[in-house]
Amino acid sequence: MDGTIQTIQRNSDRVLALLFIALMAALAVLNVPALRDAYRAARTDTAGTLQGTIRRLEKEYTDLFFLRSKFIDLNALAHLAMGQKVMNQVYRNADGMLFSFKALTAPKTADDASPDSLVALYRYAQEKGLPFLYVQHPSKVIRQKTVLSAGLADVANDTHDRRLGVLRAMGIPTLDLRESIRDHLEFYRTDHHWTVRTAFYATQSIVERLNSLYHLGLDPDGILTSLQNFDSLRYEDCFLGSHGIRVGPLFAGMDDFEMLVPRFETDLHYRHYSAHRLDVETDGAFPEAFVDFDLLEDPNYLNKYNACLKGGYVENVVENRLASNDLKVLLVANSFARAMVQYFSLCFRETRQLDPQGGRYSDSFIEYMEAYRPDVVVVMFYGSIPL
């Protein structure tokens, strides 16, 4: 009898093992198209580096994985049932906001306050007699507002404080958006970016600061940076951001998405370059030039933030034919600027934005400035900048 039971148990174990192997084999076969499409997307990524291509391949394959969203939803239900606040390295606070768990547990390092490449850009601007401004954009953890669980630390704001302290001690002009637009700070629940509306208020604050420091006369009539001169286009429960895509909509829901569109006349020529190759070119009024409405209205495309600037993320160039001045500005900034450039560019004759993050614009910024010859330089980035 005992032998029979042991035989049944061994056979059951074999069956389970075979079923598991069969399941893995089936998933492998079903994901062949996903792997093929991910490989094609990675090969056509013109941003350039091998490391960036590998990251793109991993991301594309993860996004295309067969029944990926169903597996994530099942995992989310299990985490919710157990009352867990962390899933797949994403933390959900008591207000339902999602954060990178790694960012809230990372140790503080002195290297975060190293401004060498930023200072080099400032010195270059000084030599050329160019107005220069360093802008500190806010982090998603907002002081006196965001509630974190015990054991988690507000690392980002401490780092920002140290950065600003170093730059101010060196006499570099700065603007701290955490304070200047404090009453308008909003982030998407499921993403790491600020909202389009907050990006608009950031533009307003930067323009005011540049005018105060350098008397540039930007937006002299206050039309371009006044919210009352814009219409709000809202799309409800449609946006699942960089954090939300890792945990699914069941873990924290979906975000609404808003686009602000000018009521006044605009005439713009927009181009996006990747690895110096023209990727997107549009012409016309604000909506036609900047906004990807096909993406906004596609219920299956969840990263609505990419509707800003037609998804341009490496080198953005905007010519504003109706500008009240002839000023050219260079904005060095990460993806936070993607929503902001749409409004910032309304205040200049020409606006160029370069993203110095890895896998994006990797050539010499000094050489770019030599060729472009901007009238104003604004930096909203503190990491390493290729010189």
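Quick caveat, the model's predicted, so the values are computed rather than measured.

**Quick word on the overall build of the chain**
Step number 1: When you go through the chain residue by residue, the secondary structure sums to 15 helices and 13 strands.
Step number 2: Intrachain contacts of the chain at a sequence separation of at least 6 include 69% that bridge at least 24 residues.
Step number 3: Surface summary for the chain: the accessible area is close to 18,800 Å², and the carbon and sulfur share equals 54%.

**Observations concerning the pairing of strand β8 (residues 268-274)**
Step number 1: Within β8, seven of the seven residues are buried, leaving the element largely enclosed by the surrounding structure.
Step number 2: Residues Leu-268, Tyr-270, His-272 and Ser-274 of β8 are buried on one face, and the alternating residues His-269, Arg-271 and Tyr-273, pointing to the opposite face, are buried as well.
Step number 3: As judged from the seven bridges shared by β8 and strand β9 (residues 277-284), these two strands associate in the antiparallel manner. The partner of Ser-274 across the bridge, within β9, is Arg-277.
Step number 4: In this structure, the hairpin formed by β8 and β9 is closed by a connection of two residues, where Ala-275 is found at a positive phi of approximately 55 degrees.
Step number 5: As defined by bridge partners, β8 adjoins strand β10 (residues 315-320) across six bridges and the pair is classed as antiparallel. Within β10, the residue paired with His-269 across the bridge is Glu-319.

**With respect to the packing of helix α9 (residues 196-214) against helix α14 (residues 337-344)**
Step number 1: The contact between α9 and α14 brings their axes to 8 Å, and the two run at 55 degrees. Taken together, α9 and α14 sit at an angle that is classed as oblique. The two elements α9 and α14 cross, and the hand of that crossing is right-handed. Between α9 and α14, the contacting residues are Val-196, Ala-199, Phe-200, Ala-202, Thr-203, Ile-206, Val-207 and Leu-210 on the first element and Ala-339, Met-340, Tyr-343 and Phe-344 on the second.
Step number 2: Split by residue class, the contact of α9 with α14 holds 11 nonpolar, one polar and no charged.

**Looking at the pattern of salt bridges**
Step number 1: If you walk through the whole model with that rule in mind, you get 16 salt bridges.
Step number 2: In this structure, Glu-258 and Arg-197 form a salt bridge, with 2.6 Å as the shortest nitrogen-oxygen distance. Separated by 61 residues along the polypeptide, Glu-258 in strand β7 (residues 255-262) and Arg-197 in helix α9 bring together distant segments of the chain.
Step number 3: Under the relative-accessibility criterion, Glu-258 is labelled buried at 9%.

**A few points about the environment of Leu-152**
Step number 1: Considering the arrangement of structural elements, one finds Leu-152 in the loop between β4 (132-136) and α7 (155-169).
Step number 2: It is 9.8 Å that separates the C-alpha atoms of Leu-152 and Lys-102, two residues lying 50 residues apart in sequence.

**Observations concerning the packing of aromatic side chains**
Step number 1: By the definition in use, this model includes 20 aromatic pairs.
Step number 2: Taking the centre distance of 5.0 Å and the plane angle of 55 degrees together, the rings of Phe-344 and Phe-348 count as tilted.
Step number 3: Look at Phe-348 and you get buried, because its relative accessible area is 0%.
Step number 4: Feature note: the residues Phe-200, Tyr-201, Phe-230, Phe-264, Tyr-270, Phe-286, Phe-290 and Tyr-343 constitute an aromatic cluster, connected by ring pairs.
Step number 5: Positioned above the aromatic ring of Phe-251, the side-chain terminus of Arg-92 is 4.9 Å from the ring centre.

**With respect to the pairing of strand β11 (residues 328-333)**
Two faces, one strand: in a regular strand the side chains alternate between the faces of the sheet.
Step number 1: Of all six residues in β11, five are buried, a share of seventy percent or more.
Step number 2: Across five bridges, β11 lies against strand β12 (residues 350-354) in parallel orientation. Pairing of Lys-328 across the sheet is with Glu-350, part of β12.
Step number 3: In this fold, β11 hands off to α14, which returns the chain to β12; that crossover is right-handed.
Step number 4: Of the pairings in the sheet, the one linking β11 to strand β13 (residues 376-380) comprises five bridges and is parallel in character. The partner of Ala-333 across the bridge, within β13, is Met-380.

**What about the side chain of Ser-117?**
Step number 1: In this fold, Ser-117 is placed in helix α6 (residues 116-128).
Step number 2: At 3.1 Å, the side chain of Ser-117 and the backbone nitrogen of Ile-385 are in polar contact.

**Let's talk about the sheet that holds strand β2 (residues 90-92)**
Step number 1: With antiparallel pairing, three strands are arranged side by side in an open sheet as β1-β2-β3. The open sheet terminates on both sides in strands that have one partner only, identified here as β1 (86-87) and β3 (98-100).
Step number 2: Examined bridge by bridge, β2 and β3 share three bridges and lie antiparallel to one another. Paired with Arg-92 across the two strands is Leu-98, which belongs to β3.

**Focus: the sheet that holds β10**
Step number 1: With mixed pairing, eight strands are arranged side by side in an open sheet as β5-β4-β13-β11-β12-β10-β8-β9. This sheet does not close on itself; its edge strands, each paired only once, are β5 (174-176) and β9. Taking the axes of each pair of neighbouring strands and ignoring which way they run, one obtains an average angle of 15 degrees across the sheet.
Step number 2: Running over the sheet, α14 touches β10, β11, β12 and β13 and is turned about 165 degrees from β11.

**Thoughts on the packing of α6 against helix α15 (residues 365-372)**
Axes are the key here: two packed helices are described by the angle between their axes and the distance separating the axes.
Step number 1: Running from N to C, α6 and α15 point in directions that differ by 25 degrees, and their axes come no closer than 11 Å. It follows that α6 is roughly parallel to α15 by the angle criterion. With respect to the hand of their crossing, α6 and α15 are arranged in right-handed fashion. Contacts between α6 and α15 involve Ala-120, Leu-121, Tyr-124 and Lys-128 from the first element and Phe-365, Ile-366, Met-369 and Glu-370 from the second.
Step number 2: For the contact of α6 with α15, the residue count by class is six nonpolar, no polar and two charged.

Conventions used here
All residue numbers refer to positions counted from 1 along the written sequence of the respective chain. Residue-level local features of this predicted model are given only where pLDDT is at least 70; pairs of side-chain atoms are given and counted only at 80 or more, and the full residue set underlies all totals for whole chains, interfaces and linings. With hydrogens and water stripped out, all remaining heavy atoms of the structure feed into the side-chain values. Where helices and strands are cited, they refer to DSSP runs of H or I of at least four residues and of E of at least two residues respectively, numbered from the N terminus. Note on contacts: a residue pair qualifies if any of its non-hydrogen atoms lie within 4.5 Å across the two residues. Note that accessible areas follow from Shrake-Rupley with a 1.4 Å probe, and for residues the cover is restricted to the protein chains shown. Exposed residues in this analysis have more than 50% of their type's maximum accessible area, buried residues have under 20%, and partly exposed residues fall in between, with area computed by a 1.4 Å probe over protein chains only. Two strands are counted as paired when DSSP detects at least two bridges linking them. Under this scheme, a helix contributes an axis fitted over its contacting stretch, all axes are lines through C-alpha atoms, and angles between N-to-C directions fall in the 0 to 180 degree range. For this classification, under 35 degrees means roughly parallel, over 145 means roughly antiparallel, 65 to 115 means roughly perpendicular, and everything else is oblique. Here a crossing is called left-handed whenever its near helix is offset anticlockwise from the far helix by less than a right angle, and right-handed whenever the offset is clockwise. Note on residue classes: Ala, Val, Leu, Ile, Met, Phe, Trp, Tyr, Cys and Pro are nonpolar, Asp, Glu, Lys and Arg are charged, and everything else, Gly too, is polar. Should a side-chain nitrogen of Lys or Arg be within 4 Å of a carboxyl oxygen of Asp or Glu, the pair is scored as a salt bridge. Pairing of aromatic rings covers Phe, Tyr and the six-membered ring of Trp, with a centre-to-centre limit of 6.5 Å; geometry is then stacked below 30 degrees between planes, edge-to-face above 60, and tilted otherwise. Look at NZ for Lys and CZ for Arg. If either is within 6 Å of the ring centre and within 35 degrees of the ring normal, a charge sits over the ring. Handedness of a crossover is defined as follows: with both strands directed away from the viewer, a clockwise route from the first strand across the helix to the second makes it right-handed. For this analysis, a polar contact is any N or O atom pair within 3.5 Å, provided that within protein one partner can donate a hydrogen and the other can accept it, and provided that sequence-adjacent residues contribute only side-chain to side-chain pairs.

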